[in-house]
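Each chain, letter by letter, is given below.
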Amino acid sequence: MIPSRRISAGSFVHPPALPETHAGRDTIFALATPPGRGGIGVIRVSGPHALDAWKRVVRRVGKGRGDGKEYGNECVRAGEMVRCEVVHPRTGEVLDDGMAVFFHAPHSYTSLPTFELHTHSGSALITSILRALSTLPRLRPAEPGEFTLWAFKHGKMDLTQAEAVRDLIDAETEIQRKVARWGVEGAVKKRYEKLRKDIIGCLALVEALIDFGEGEDIEEGVYDVARAKALELRDTIARYLSDNRGGEIIRRGIRLAIFGPPNAGKSSLLNFLAQRQAAIVTPLPGTTRDVLEISLDIGGMPVIAFDTAGLRSGAETEDVIERIGIQRASEVIESADVKLCLLSLPDLLSFSSSVTLDSQAMVGDRSPSTRIPPDVAAHIDNNTLILINKRDLAPSFPLSFSSPTTPTQPYLPSGLTANMNINPGRVWTASVLNNDGVDAFLSDMVEVLKERFGFAKGEDPGVTPFSTTSTGGGESDTLLITHERHRKHLENALAHLESFLAFGPNDIVLGAEELRYASREIGRISGVIDVEDILDSIFQDFCIGK
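Owing to the predicted nature of the structure, the values given are computational and were not obtained by experimental measurement.

K.L.:
Explain the overall build of the protein to me, please; I cannot follow it from the model alone.
P.N.:
Counting its secondary structure elements, the protein contains 17 helices and 17 strands. In the protein, which comprises 546 residues, the proportion classed as buried is 49%. For the protein, contacts bridging at least 24 residues in sequence account for 68% of all contacts bridging at least 6. Approximately 26,100 Å² of the protein is accessible, and the part contributed by carbon and sulfur atoms is 50%.

K.L.:
Please clarify how the pattern of salt bridges should be interpreted in this entry.
P.N.:
Here the idea is simple: oppositely charged side chains can pair when their charged atoms come close. For the structure on display, the rule yields 24 salt bridges. The partner of Glu163 in a salt bridge is Arg485, with the nearest N and O atoms 3.0 Å apart. Taken together, the residues span a long stretch of sequence, with Glu163 in helix α5 (residues 159-170) and Arg485 in helix α15 (residues 484-502) at a distance of 322 residues. Between Arg251 and Asp167 there is a salt bridge, with the nearest N and O atoms lying 3.6 Å from each other. In this pair, Arg251 sits in helix α9 (residues 246-252) while Asp167 sits in helix α5, placing the two residues 84 residues apart along the sequence.

K.L.:
How do you make sense of the sheet that holds strand β13 (residues 338-344) when you look at a structure like this?
P.N.:
Strand pairing in a sheet takes place through backbone hydrogen bonds and is either antiparallel or parallel in direction. Ordered in space as β11-β12-β10-β13-β14-β15, the six strands form an open sheet in which the pairing is mixed. Edge positions in the open sheet fall to β11 (292-298) and β15 (427-429), since each of these has one partner strand only. Along the sheet, successive strands turn relative to each other by an average axial angle of 25°, direction set aside. Pairing of strand β10 (residues 254-259) with strand β12 (residues 301-307), which is carried by five bridges, proceeds in the parallel orientation. Bridge assignment links Arg255 to a residue of β12, and that residue is Ile304. Strands β10, β11, β12, β13 and β14 (385-389) of the sheet are contacted by helix α10 (residues 266-274), whose axis makes an angle of about 45° with β11.

K.L.:
What is the right way to read the confidence of the model for the protein from this model?
P.N.:
A low pLDDT score tells you not to read the predicted coordinates there in detail. Mean pLDDT for the protein: 76, with 69% of residues reaching 70 or above. Overall, residues 64-72 carries pLDDT values under 50, and its contacts beyond four positions in sequence, including any with other chains, amount to 13 contacts.

K.L.:
Where do I start with the nonpolar core in this structure?
P.N.:
One broad trend across soluble globular proteins is that nonpolar side chains are buried collectively. Core analysis: the biggest nonpolar cluster contains 37 residues, and Ile254, Leu269, Leu273, Leu340, Leu387, Met445 and Leu449 have the highest contact counts within it. No other element matches helix α14 (residues 438-452), which puts seven residues into this core. Residues contacting Leu269, with those up to four places away along its chain left out, are Ile258, Leu340, Leu342, Leu387, Val432 and Val438. Membership of the second largest hydrophobic core comes to 30 residues, among which are Leu203, Leu490, Ile508 and Ala512.

K.L.:
What's the story with unusual backbone geometry in this structure? I'm lost.
P.N.:
Here Ala105 and Pro106 are connected by a cis peptide whose omega angle stands at 0°. For Pro106, the position within the fold is in the loop between β7 (94-103) and β8 (114-121). Although it is not a glycine, Arg138 sits at a positive phi angle of roughly 70°. As for its placement among the helices and strands, Arg138 is situated in the loop between α3 (123-134) and β9 (139-141). Among the residues examined, Arg138 registers a relative accessible area of 52% and is labelled exposed. The backbone phi angle of Lys390 is positive, close to 65°, even though this residue is not glycine. With respect to the helices and strands, Lys390 occurs in the loop between β14 and β15.

K.L.:
Explain α5 to me, please; I cannot follow it from the model alone.
P.N.:
Helical geometry: 3.6 residues make up each α-helical turn, so side chains three or four residues apart lie on a common side. Here α5 spans 17 Å end to end across 12 residues, near enough to the 16 Å set by a 1.5 Å rise per residue. For α5, the tally of buried residues reaches nine of 12 residues, placing the bulk of the element in the interior. For α5, the set of buried residues is Leu159, Thr160, Gln161, Ala162, Glu163, Ala164, Val165, Arg166 and Asp167.

K.L.:
Help me out: how do you make sense of the environment of Ser108 in this one?
P.N.:
Here Ser108 lies in the loop between β7 and β8. On the basis of relative accessible area, Ser108 is assigned to the buried category, the value being 7%. Along the backbone, Ser108 and Ala151 are 43 residues apart, and their C-alpha atoms lie at a distance of 8.8 Å. Ignoring anything within four residues of it in the chain, the contact list for Ser108 reads Phe103, Thr114 and Lys156. Separated by 2.5 Å, the side chain of Ser108 and the backbone oxygen of Leu112 make a polar contact.

K.L.:
When you look at the packing of aromatic side chains in this model, what are you seeing that I'm missing?
P.N.:
The description of an aromatic ring pair uses the distance of the two centres, along with the angle that the planes make with each other. Inspection of every chain in the model, using the stated rule, returns five aromatic pairs. Between Trp54 and Phe115, the ring centres sit 5.5 Å apart and the planes meet at 85°, which makes this aromatic pair edge-to-face. Separated by 61 residues along the polypeptide, Trp54 in helix α2 (residues 50-57) and Phe115 in strand β8 bring together distant segments of the chain. In this structure, Trp54 and Phe115 share a single accessibility class: buried. With a centroid separation of 5.3 Å and 70° between ring planes, the pair formed by Trp428 and Phe441 is classed as edge-to-face. Residue Trp428 is located in strand β15, and its partner Phe441 is located in helix α14; the two are separated by 13 residues in the primary sequence. A connected cluster of aromatic rings, assembled from ring pairs, spans Trp54, Phe102 and Phe115. A cation sits over an aromatic face here: Arg44 above Tyr109, 5.3 Å from the ring centre.

K.L.:
Just checking my understanding: could you explain the pairing of β8 for this structure?
P.N.:
Moving residue by residue along a regular strand, the side chains alternate between the two faces of the sheet. Most of β8 sits out of view: seven of its eight residues are buried. Judged from the five bridges that link them, β7 and β8 form a sheet pairing that is antiparallel. Along β8, the bridge assignment pairs Val101 with Glu116.

K.L.:
Would you mind showing me how to read the sheet that holds strand β4 (residues 58-60) here?
P.N.:
Judged by pairing direction, the sheet is mixed, and its seven strands sit side by side in the order β4-β6-β7-β8-β3-β2-β9 without closing on themselves. Taken across any chain shown, the strands that pair with only one partner, and hence form the sheet edges, are β4 and β9. Adjacent strand axes in the sheet meet at a mean angle of 35°, parallel and antiparallel pairs treated alike. Note that strand β6 (residues 82-87) and β7 share six bridges and pair antiparallel. Within β7, the position partnered with Glu85 by the bridge is Asp97.

The rules behind these values
Residues numbered from 1 in each chain as written. Predicted model: local features only at pLDDT ≥ 70, side-chain atom pairs only at ≥ 80, totals over all residues. Heavy atoms only, no water. Helix = DSSP H or I, 4+ residues; strand = E, 2+ residues; numbered from the N terminus. Buried < 20%, exposed > 50% of the residue type's maximum accessible area, 1.4 Å probe, protein only. Contact = heavy atoms within 4.5 Å. Areas by Shrake-Rupley, 256 points an atom, 1.4 Å probe, with all protein chains shown as cover. Salt bridge = Lys/Arg side-chain N within 4 Å of Asp/Glu carboxyl O. Pairing = 2+ DSSP bridges. Axes fitted to C-alpha atoms, helices over the stretch in contact; angles between N-to-C directions. pLDDT = per-residue confidence, 0-100. Core = buried A, V, L, I, M, F, W, Y, C linked by side-chain atoms within 4.5 Å. Expected span 1.5 Å × (residues − 1). Polar contact = N/O pair within 3.5 Å; in protein donor to acceptor, adjacent residues only side chain to side chain. Phe/Tyr/Trp six-rings, centres within 6.5 Å; stacked < 30°, edge-to-face > 60°. Lys NZ or Arg CZ within 6 Å of the ring centre and 35° of its normal.

Here it is as structure tokens:
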């Protein structure tokens, strides 16, 4: 809670400690809420001239209901939400009535004087207020992410926290929200800062040897200590990097490709997951022509599901558009994080005319054979999830093993696992049409996804900021690396540590340089060193009002 303090408008002075930069001269403004018609719209103004702007556009009115008494602007209480009229600074026209709040430096998001106008939200109204603000001298519209950029430049947050702010805005599932929140709170910053300081500590030992050598002032074995520390740091970074990109995938969403032959029920499954008619479903083969993408929350896991065209050879269709769709489907399948193959149980089984679809089909040489199309089989590997659909059309067919160790393991048609690289633990049967077995499949799939991306069995990824599963060598910080930028700097730091370890005591000066480079790479993650070359790429994806 920001402590209230009364400051005279005439005596307000910008903190002298702030650097005189472009950000220090300008005052910026922008709509901080999504554009469009709504109940409330928030307009943010920040910069050294914010108080002057406040005095020109905010006309405080009485606190009581129906009390039209006006209050002067001679005093501004920090953090106090006041009822006001928003007026045009030149014409005096009342544009709207609402609420306003002022934050004095450095107790604001940007560390500069800042105020917010809470008005009714409508395109014409918001536009009129923004135009009114633009008539004031030394005020200009904000660039994308500029408020957060100023917060970074004034030391309110580091780069990992700034990125986490954007991730928090973009979060669509609970786990994405929590991961972003840990970043905003500084959990990621602390981890990287400790790593950087440990490298600097190792560098200090080496620098001491360069300056003084082993003698009266330096104990023997200092180089060995530095090397041991470097080995430990190398292993730590290598452990961070061996996360299967879990943090990055969780942040952007798990790319799940649903594929299979035509009419297997892929679009029906997508509609079930989306709980709406997202895809057209017909009994005609080739209904799905292009890749359909939809964002989902499956058991708290962020999933981007892709419904693809039914896979069949070019000889089976003369439709040029369908062929293009099949080609695009193949590309999406191979680039997906997780592949889910949907097969139709009746289409999988072929029997002689004397064999009925019952338990006798499993006896002797009358076991059913498989008919998986080659175009589908080409995309199946040991990690592919397989859902055998339409089991309602074969109700008497035995679908489960009797083994007590795998009570829900579906029966696989003869040859399905023997002749193909299929993991029996990744196969389920269901009827999407009747919602029979689909919920159980989704529950199991969530556990498979957690396991795939580094979570312990049954672990809730939203409980702790960094998953700590045993990987033989210690803990795996699954959600630490959430951006490709972080990974590149860690990889560079690891390479420099490897170079240091490759040098011997006779090349200690060169080794010291490698340690210095390693610490700089870690520093670039949080922005504790000069990072002007990457600021634009980070903040350009922010919304204007943040």
